[in-house]
Amino acid sequence: MTRFLTRFGTGFDVHAFTEGDHVWLGGVRIPADRGVLAHSDGDVALHALTDALLGAIADGDIGTHFPPSDERWRGAASDQFLAHAVSLVRARGGRIDHLDITVLAEAPRIGKHREAIRARIAEIAGVPLSAVSIKATTTEKLGFVGRAEGLAAQAAATVRLPEADDMDGEIVWK
């Protein structure tokens, strides 16, 4: 019988505001009075979540897999970054148990978009809606977020991976 280990990863992302009329959060286009300055679509929620999953499986970070120096990713939709991280978890025989995101922003407010964001993340990750949590907070007018210069997101991911021993670089499944 395969035994599973619970692994936990975290991620963080930040983008400055620039001209625009929307931001992407959790794979959902949200109307806003500004956009974000980014190489891809600048979805801080999906970027942080991608890093959280990559951290849980100890496989680098979003910049390792999708370097901003590579023009293929200019303007890219961040759902493909998350889908890639999910595929890496599954390729290792893993299972995603829970995804949790906190958006830090004075604006836009995400309350009315929360369920759409949860549904989109659940769809991309192939997990039940009950496995996705999204929250938002302000920073009480402190720092760059409080001054409305940008927004940020932090994320956590809990996954289960088959137990393995690393013996001279070889993975031996029990």
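Looking up the protein in an unreviewed UniProt entry gives the name 2-C-methyl-D-erythritol 2,4-cyclodiphosphate synthase, with the organism given as Methylobacterium oxalidis. Among the UniProt annotations of the protein, the heading Pathway (unreviewed entry) holds the following wording: "Isoprenoid biosynthesis; isopentenyl diphosphate biosynthesis via DXP pathway; isopentenyl diphosphate from 1-deoxy-D-xylulose 5-phosphate: step 4/6." What the UniProt record of the protein gives under Catalytic activity (unreviewed entry) is the line "4-CDP-2-C-methyl-D-erythritol 2-phosphate = 2-C-methyl-D-erythritol 2,4-cyclic diphosphate + CMP".

## Some words on the packing of helix H3 (residues 79-91) against helix H4 (residues 114-125)
Relative to each other, H3 and H4 sit at 45°, their axes nearing to 9 Å. It follows from the interaxial angle that H3 and H4 lie oblique. Taken together, the residues of H4 that come into contact with H3 (itself represented by Asp79, Leu82, Ala83, Val86 and Arg90) are Arg120, Ile121, Ile124 and Ala125. Taken together, the residues that form the contact of H3 with H4 break down as six nonpolar, no polar and three charged.

## Side note on the nonpolar core
Grouped together as the largest cluster of nonpolar side chains are 43 residues, with contacts concentrated most on Leu25, Leu53, Leu99, Ile101 and Ile121. Elements supplying a minimum of two residues to this core: strand E2 (22-25), strand E3 (28-31), helix H1 (44-56), H3, strand E5 (95-104), H4, strand E6 (132-137) and strand E7 (150-162). Considering every element that reaches this core, the biggest residue donor is H1, with nine residues. Among residues more than four places away in sequence, those in contact with Ile101 are Ala45, Leu49, Ile121, Ser133, Ile134, Lys135, Ala153, Gln154 and Ala155. One finds Phe66, Trp73, Ala76 and Phe81 within the second-largest nonpolar core, a separate group that totals five residues.

## A few points about unusual backbone geometry
Put simply, Ala107 and Pro108 share a cis peptide bond, and its omega is 0°. Mapped onto the elements of the fold, Pro108 is located in the loop between E5 and H4. The phi angle at Ala58 is positive, at roughly 55°, despite the residue not being glycine.

## A look at the packing of aromatic side chains
A full pass over the atoms with the stated rule returns three aromatic pairs. Pairing Phe66 with Trp73 gives two aromatic rings, centres 4.8 Å apart and planes at 85°, and the pair type is edge-to-face. The exposure classification of Phe66 matches that of Trp73, with both residues buried. When the ring of Phe66 is compared with that of Phe81, the centres are 4.4 Å apart and the planes differ by 35°; the resulting orientation is tilted. With Phe66 in the loop between helix H2 (62-65) and H3 and Phe81 in helix H3, the pair connects residues that are 15 residues apart, well separated along the chain. Phe81 matches Phe66 in its accessibility class, with the two residues each being buried.

Criteria and thresholds
Residues numbered from 1 in each chain as written. Predicted model: local features only at pLDDT ≥ 70, side-chain atom pairs only at ≥ 80, totals over all residues. Heavy atoms only, no water. UniProt positions renumbered as here; feature names shortened; annotations may be inferred. Axes fitted to C-alpha atoms, helices over the stretch in contact; angles between N-to-C directions. Helix = DSSP H or I, 4+ residues; strand = E, 2+ residues; numbered from the N terminus. Parallel < 35°, antiparallel > 145°, perpendicular 65-115°, else oblique. Contact = heavy atoms within 4.5 Å. Nonpolar A, V, L, I, M, F, W, Y, C, P; charged D, E, K, R; others polar. Core = buried A, V, L, I, M, F, W, Y, C linked by side-chain atoms within 4.5 Å. Buried < 20%, exposed > 50% of the residue type's maximum accessible area, 1.4 Å probe, protein only. Phe/Tyr/Trp six-rings, centres within 6.5 Å; stacked < 30°, edge-to-face > 60°.

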